[in-house]
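# Summary of structural features
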Amino acid sequence: MKNFRIRDLALRFNYDSPSIFRSEVRAIDRDESLPAEEREFLLALDFAYAKTFDEEPGLTIQDSDIDSLAKGLYALSYFYARNSEDKIAYMVSRLGVDLIAPKCSAENSINLRMLHMMTSFEMGFAKETLSLFHQLIEQERFVPGAKKFEYYNNLGLVSTQLQTGDDPWELYEKAKAETRSPVRATIVQLNIADYLYSQKRFEEALNALEETVEIPDFDSVNGYRLMLNLKIMLQMNDLANASRVAEQLETLIHSSSSWTDIAVSYIFLGHFFSRVKSIEKARYYLNLLKSLPDECVTNYILGETLILEASLMHNRGDYFKALENSLRAFESLSVYSTISPHLKDFVNNLFESLVSVFNQLMYELRRKDDYTALHTLRVLKLCYGFGKSLSLEKMDLFNLSIGAMLHDYGKVDIPYEILNKPSLLTDEEYSIIKCHPIYGDKYLGDLRFPGTVRDIVKHHHERIDGNGYPDNLMGDEIHYLVQIVAIADVYDALTTDRPYRKALSREEALSYLKEKGGQIIEIGLLRKFISYVRMNEIIVKHEELNSIWNIIISEFFRVTDINETADMRGQ
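What you are looking at is a predicted structure, and each value in this text was computed from that prediction instead of being measured.

Let us look at the overall build of the protein chain. Assigned secondary structure in the protein chain consists of 28 helices and 0 strands. Reported as C-alpha extents along the three principal axes, the dimensions of the protein chain are approximately 100 × 55 × 40 Å. Looking at the 571 residues of the protein chain, the share that counts as buried comes to 56%. Here the analysis covers contacts within the protein chain between residues at least 6 apart in sequence; of these, 68% occur between residues at least 24 apart.

Peptide bonds are trans in most cases, and residues, glycine excluded, mostly fall at negative phi. Following tyrosine 469, the chain continues into proline 470 via a peptide bond in cis, with omega recorded as 10°. Positionally, proline 470 belongs in the loop between α24 (451-459) and α25 (480-494). Of note, the phi angle at lysine 200 is positive, near 65°, even though the residue is not glycine. Along the chain, lysine 200 turns up in the loop between α10 (182-198) and α11 (202-210). Backbone geometry at lysine 277 places phi at a positive 65°, although glycine is not the residue there. Inspection of the secondary structure puts lysine 277 in the loop between α14 (262-275) and α15 (279-290).

You can see aspartate 489 is positioned in helix α25. This buried residue, aspartate 489, is left without a salt bridge; arginine 463 holds the nearest opposite charge, at 5.3 Å. With residues near it in sequence (within four places) discarded, aspartate 489 still touches His375, Val379, His407, Asp408, His460 and His461.

Taken as a whole and judged by the stated rule, the model has 22 aromatic pairs. A ring pair is formed by tyrosine 266 and tyrosine 285, whose centres lie 6.0 Å apart and whose planes are at 35°; its orientation type is tilted. On the criterion of sequence distance, the pair formed by tyrosine 266 in helix α14 and tyrosine 285 in helix α15 is long-range, its members being 19 residues apart. Between tyrosine 491 and phenylalanine 529, the ring centres sit 6.1 Å apart and the planes meet at 75°, which makes this aromatic pair edge-to-face. Of the two residues, tyrosine 491 sits in helix α25 while phenylalanine 529 sits in helix α27 (residues 523-535), which places them 38 residues apart along the sequence. As far as the burial class goes, tyrosine 491 and phenylalanine 529 line up, both buried. Here the aromatic cluster, defined as three or more aromatic residues joined through ring pairs, consists of Phe13, Phe21, Phe41, Tyr49, Phe53, Phe79 and Tyr80.

Grouped burial of nonpolar side chains is what soluble globular proteins tend to show. If you look at the biggest cluster of nonpolar residues, it comprises 145 residues, and the most contacted ones within it are Leu230, Phe398, Phe449, Leu513 and Trp549. The biggest single contributor to this core is helix α18 (residues 341-368), with 12 residues. Once residues lying within four places of it in the same chain are set aside, the contact partners of tryptophan 549 are Val355, Phe358, Leu380, Phe398, Ser401, Ile402, Met405 and Ser554. Residues Leu42, Ala44, Leu95 and Leu115 belong to the second largest nonpolar core, which totals 37 residues.

Among all positions of α11, only Phe202, Ala205, Leu206, Ala208 and Leu209 are buried. In a view along the axis of α11, the buried residues occupy a sector of 160°, so they form one face of it. For α11, exposure combined with an orientation more than 90 degrees from the buried face picks out Glu203 and Glu210. Packed against the buried residues of α11 are α10, α12 (219-235) and α18.

Applying the stated criterion to the full structure yields 24 salt bridges. Residue arginine 39 is joined to aspartate 29 by a salt bridge in which the shortest nitrogen-to-oxygen separation is 2.9 Å. One end of the pair, arginine 39, is in helix α3 (residues 36-53); the other, aspartate 29, is in helix α2 (residues 18-31), with 10 residues separating them in the sequence.

Turning our eyes to something else, we now look at the packing of helix α9 (residues 168-177) against α10. Think of two packed helices as two axes; the pair is described by the angle between the axes and how far apart they sit. One way to put it is that α9 packs onto α10 with a least axis distance of 10 Å and a crossing angle of 165°. With respect to each other, α9 and α10 are oriented roughly antiparallel. Every pair of crossing elements has a handedness; the one defined by α9 and α10 is left-handed. Only Val188, Gln189, Asn191, Ile192, Tyr195 and Leu196 of α10 make contact with α9, whose side of the interface consists of Pro168, Trp169, Tyr172, Ala175 and Lys176. Partitioning the contact of α9 with α10 into residue classes produces 8 nonpolar, 2 polar and 1 charged.

The subject of this paragraph is helix α6 (residues 106-123). Helix length check: α6 (18 residues) gives 26 Å between terminal C-alpha atoms against 26 Å at 1.5 Å per residue, within 8%. When you tally the buried positions in α6, you get 16 out of 18 residues, the bulk of the element. Trailing α6 by a residue or two, glycine 124 shows a phi angle of about 85°, which is positive.

Here the focus is a nonpolar patch on the surface. The grouping of Ile438, Tyr439 and Tyr443 at the surface amounts to a nonpolar patch, some 240 Å² of accessible area in total. On the secondary structure map, tyrosine 443 appears in helix α23 (residues 436-446). The class for tyrosine 443 is partly exposed, based on a relative accessible area of 30%.

Right, let's get into the confidence of the model for the protein chain. For the protein chain, the average pLDDT comes to 87, and 95% of its residues sit at 70 or higher. Here residues 559-571 is a poorly scored stretch, pLDDT under 50, and it has 75 contacts once near neighbours within four places are set aside; other chains count.

This next bit is on the side chain of histidine 375. Tracing the backbone through its elements, the reader meets histidine 375 in helix α19 (residues 370-389). You can call histidine 375 buried: its relative accessible area is 3%. In this view, histidine 375 contacts His407, Asp408, Asp489, Asp492 and Ala493; residues no more than four positions away in its chain are not counted.

What follows concerns the environment of glutamine 135. Topologically, glutamine 135 is positioned in helix α7 (residues 126-137). Relative accessible area serves as the criterion here: at 32%, glutamine 135 is assigned to the partly exposed category. In the structure, glutamine 135 is positioned 189 residues away from glutamate 324 in sequence and 38 Å away in space, judged by C-alpha atoms.

A word on the environment of methionine 236. As for its placement among the helices and strands, methionine 236 is situated in the loop between α12 and α13 (239-255). By relative accessible area, which is 30% here, methionine 236 ends up partly exposed. As a C-alpha pair, methionine 236 and threonine 376 span 140 residues in sequence and 40 Å in three-dimensional space. Setting aside residues no more than four positions away along its own chain, methionine 236 makes contact with Phe202, Glu203 and Leu206.

The next subject is the packing of α10 against α12. In contact at an axis separation of 10 Å, α10 and α12 are set at 20° when each is read in the N-to-C sense. Relative to α12, the element α10 lies roughly parallel. The handedness of the crossing between α10 and α12 is left-handed. Residues Val183, Thr186, Ile187, Leu190, Asn191, Ala193, Asp194 and Tyr197 of α10 form the contact with α12, whose own contacting residues are Val221, Tyr224, Arg225, Leu228, Lys231, Ile232 and Gln235.

Calculation criteria
Residues numbered from 1 in each chain as written. Predicted model: local features only at pLDDT ≥ 70, side-chain atom pairs only at ≥ 80, totals over all residues. Heavy atoms only, no water. Helix = DSSP H or I, 4+ residues; strand = E, 2+ residues; numbered from the N terminus. Buried < 20%, exposed > 50% of the residue type's maximum accessible area, 1.4 Å probe, protein only. Contact = heavy atoms within 4.5 Å. Lys, Arg positive; Asp, Glu negative; His and termini not counted. Salt bridge = Lys/Arg side-chain N within 4 Å of Asp/Glu carboxyl O. Phe/Tyr/Trp six-rings, centres within 6.5 Å; stacked < 30°, edge-to-face > 60°. Core = buried A, V, L, I, M, F, W, Y, C linked by side-chain atoms within 4.5 Å. Arc of directions from axis to C-beta. Axes fitted to C-alpha atoms, helices over the stretch in contact; angles between N-to-C directions. Parallel < 35°, antiparallel > 145°, perpendicular 65-115°, else oblique. Left-handed = near helix turned anticlockwise from the far one by under 90°. Nonpolar A, V, L, I, M, F, W, Y, C, P; charged D, E, K, R; others polar. Expected span 1.5 Å × (residues − 1). Patch = residues over 30% accessible without salt bridge, like charges linked within 9 Å, V, L, I, M, F, W, Y side chains within 5 Å. Areas by Shrake-Rupley, 256 points an atom, 1.4 Å probe, with all protein chains shown as cover. pLDDT = per-residue confidence, 0-100.

This is how it looks when you write it as structure tokens:
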């Protein structure tokens, strides 16, 4: 696009008023003698603006202009993609497929569908992408020779990430056979390297990269090559070579700040500097990602930004905030087929850190009082199962599970002889016991546990009738997660032997809850709890702690179709 007036107008798509926009379109059309390609682009820009904002077009479109408009919409969408305006690129290609592709020539129709497949792919719209993929795979014999490289290369990308059942390698080999320039040959080789990376075949990915070279005047291609090299080096823990590549990538960023996929380079530079504990530089790249305009933020960029931020949270010990970020990230990345190696590694490290914290806390509790330690595991298992039966949101279920496991952690500060006294407690001893929720809350606050978990720990002895402690809350002042732990705590206490009494049977305990449970929690929740307990018996051993948490944590990330994509790879 050589005409700067048209390009400037296109980049003001979301900002100009309709009257200003239409006036500028007419002025360009009137004042300048435009070559055919630039007139097609202007026609498409005017058409897209009018359809998007429900305005009258500034230029008249005749039936004879349909193929010119199709070409213009292709060029316009591609222009926005090259300028990292992915949402506008998607919108323009969608208009082309919906309104123009059925009316234009077969060649232009295929071009529009190919481009819309890739803009849908970049936006993370899996269903739409797959629909276009299957349409296009059936039209192979109609693809013009000049478009075959783009056709096979793009189908290879989609097949890799969305697991279409086709062979990506075969599609890339066909793309290789259609390369007519060093740039295209390099692009398909880089895509092959990225495919090998996603399969954890890192040595092969490096070998594929060695077949590529730096290409003058193509910053997007060179940036993609360096970014791939960096993320492979990080997976191989080769920080010395990663440092060298990161320096080259930063040099490219500083010399050219507008190339396609520059945001993806911010992601892996952020991970590199986080890995080498250069936290300020990692934050610098995180802030660059967070400051991207909304129209540049795809689901992939959003998800990766959340993961980078979670990595920095993890580094400073904010494991639970990191987990919450990770869950949000996986929702954004959920359309892709496999978890990228760097995401797998981060989540595994996060799991290990969380379980290590849990193990240490449970070890201290078990050393203090074996009964309390086993009691907390039973309450954990009971609350987790009951919470799942209620279809709680993931984060609520996770916080419920942590709160259930640690609800009695404050008892580490209660004297053993009081905890295990074989007779009724005196008023003074009972007042000491009643301090354990406050002690537990303080401990978890010092360890940066989420407020929801601390609320469970502090208030699990509150009662809906207002007769609980330590704050005499009542009714809906008590969060429903707290109520779940409260009733599970009471049920388990009733059904286990204590020094001063024998355990009740399950039916005896349920009869007690039917009679008294309405003083503890809301009656509807009580009925659901009783129904759940009738069908589920909870038995645990100390050594089950790790297996319980492996099940719980892994289920939070049980999402399909997770991987990454890069905005420039379909070029």
